[in-house]
Amino acid sequence: MSLTQVSSNKCAGGFQKVFEHESTELRCKMKFAVYLPPKAETDKCPVLYWLSGLTCTEQNFITKAGSQVLAAEHGIIIVAPDTSPRGCNIEGEDESWDFGTGAGFYVDATEDPWKKNYRMYSYITEELPKLINSNFPSDPDRMSVSGHSMGGHGALICALKNPGKYKTVSAFAPICNPVQCPWGQKAFSGYLGSDRDTWQAYDATVLAASYSGPPLDVLIDQGRDDQFLSANQLLPDNLIAVCSEKKIPVVFRLQPGYDHSYFFIYSFMSDHIKHHAKFLNA
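The paragraphs below set out a description of the structure included in this document. Remember, predicted model here, so these are calculated numbers, not experimental data. Along each chain, numbering runs from 1 in the same order as the chain's sequence is written. Restriction of local features to residues with pLDDT of at least 70 applies here, the model being predicted, together with a cutoff of 80 or more for giving and counting side-chain atom pairs; totals for whole chains, interfaces and linings are based on all residues. With hydrogens and water set aside, each side-chain value is computed from the structure's full complement of heavy atoms.

### So, the sheet that holds strand E7 (residues 169–172)
One key point about sheets: their strands pair by backbone hydrogen bonds, in either a parallel or an antiparallel sense. Judged by pairing direction, the sheet is mixed, and its nine strands sit side by side in the order E1-E2-E3-E5-E4-E6-E7-E8-E9 without closing on themselves. Where the open sheet ends on each side, the last strands, each with one partner, are strand E1 (4–11) and strand E9 (250–255). In this sheet, neighbouring strand axes are inclined to one another by 20° on average, regardless of whether the strands run parallel or antiparallel. At least two bridges found by DSSP between two strands are what make those strands a pair. Put simply, DSSP H or I for four residues or longer makes a helix, DSSP E for two residues or longer makes a strand, and each gets a number counted from the N terminus. Examined bridge by bridge, strand E2 (residues 14–23) and strand E3 (residues 28–36) share nine bridges and lie antiparallel to one another. For serine 23, the partnering residue across the bridge sits in E3 and is cysteine 28. Along the sheet, helix H4 (residues 150–161) makes contact with strand E4 (45–51), strand E6 (138–148), E7 and strand E8 (218–223), crossing E6 at roughly 140°. For helices, the fitted axis covers only the stretch in contact; all axes are lines through C-alpha atoms, and the angles between them, taken along N-to-C directions, range from 0 to 180 degrees. Residues are treated as being in contact if the distance between any of their heavy atoms lies within 4.5 Å.

### Topic: the nonpolar core
It is characteristic of soluble globular proteins that their nonpolar side chains tend to be buried jointly. We define the nonpolar core as a collection of buried residues of types Ala, Val, Leu, Ile, Met, Phe, Trp, Tyr and Cys that are connected through side-chain atoms lying within 4.5 Å of one another. Summary of the burial criterion: residues with accessible area below 20% of their type's maximum are buried, those above 50% are exposed, and those between are partly exposed, where the area comes from a 1.4 Å probe applied to protein chains only. Of all hydrophobic cores here, the largest spans 94 residues; its most connected members are Phe32, Phe105 and Tyr191. Here this core takes eight residues from helix H10 (residues 262–280), the largest share from any one element. Beyond its immediate sequence surroundings of up to four residues, tyrosine 191 is in contact with Phe99, Gly100, Ala103, Gly104, Phe105, Val107, Ala109, Thr110, Glu111, Trp114 and Tyr118.

### Topic: the pairing of E8
Burial runs high along E8: six of the six residues are buried. Of the two faces of E8, the one carrying Val218, Ile220 and Gln222 and the one carrying Leu219, Asp221 and Gly223 are both buried. Summarising the sheet, E7 and E8 pair through four bridges and their orientation is parallel. Within E8, the residue paired with serine 170 across the bridge is leucine 219. Two elements, E8 and E9, share six bridges in a ladder whose sense is parallel. If you follow glutamine 222 over to E9, its bridge partner there is leucine 254.

Okay, here's the thing in structure tokens:
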């Protein structure tokens, strides 16, 4: 699995890099960003995987979130992959902003014509960690996951579907109950077909109801003035209710005045890095 370096910039004492590779899961060229803190020059470091939201690439997080200074301070590698396969020449892949290109939804598609390439769940949980662990000074036993919006959904399902794989999970404005919201219903019907029972395997609220793994501490920040919250796309209350019932520890913070943008993420990024560092560096 060879990597081609696309860019490298000195940042906060470490390096912010972007690489390209041929993905076996997605059957196309994929890019991912990796921040290597100064500590990575001498030691193995834990890894935080960041999953971005609809329309994003690997660039949004690394240019807007302000994560590098905190990652350098806590000695954490941050990996930010793209959000979908690119350029697969599938009919309709570029027709809408919330399905197809830039909108992989972190599922393994089962429907034609998507199932050949749209396997973001396996890419994120299997292929990418193997690639990172074989090419960078990462500690494979210390990884966690975070994300925003569609990526918040991705982070939550990765942690809930793989008990013990991730030390902890956090999310900004996650899509918490996709089987019940328009975004999720559109994506899941396209990628997974009309049988709604199959959708539940990728719904954090449903997965939390049956979670029986090791303790999982969850941090969720949600802007109270988020237009997608009021449009019932995110549905955090449904997830919080289930986690409360199942005694899954969740810190849920409703942040007054904040919206769905990266200005919101930037404002609370340090809290999330510290949350992950507490478990990754324990």
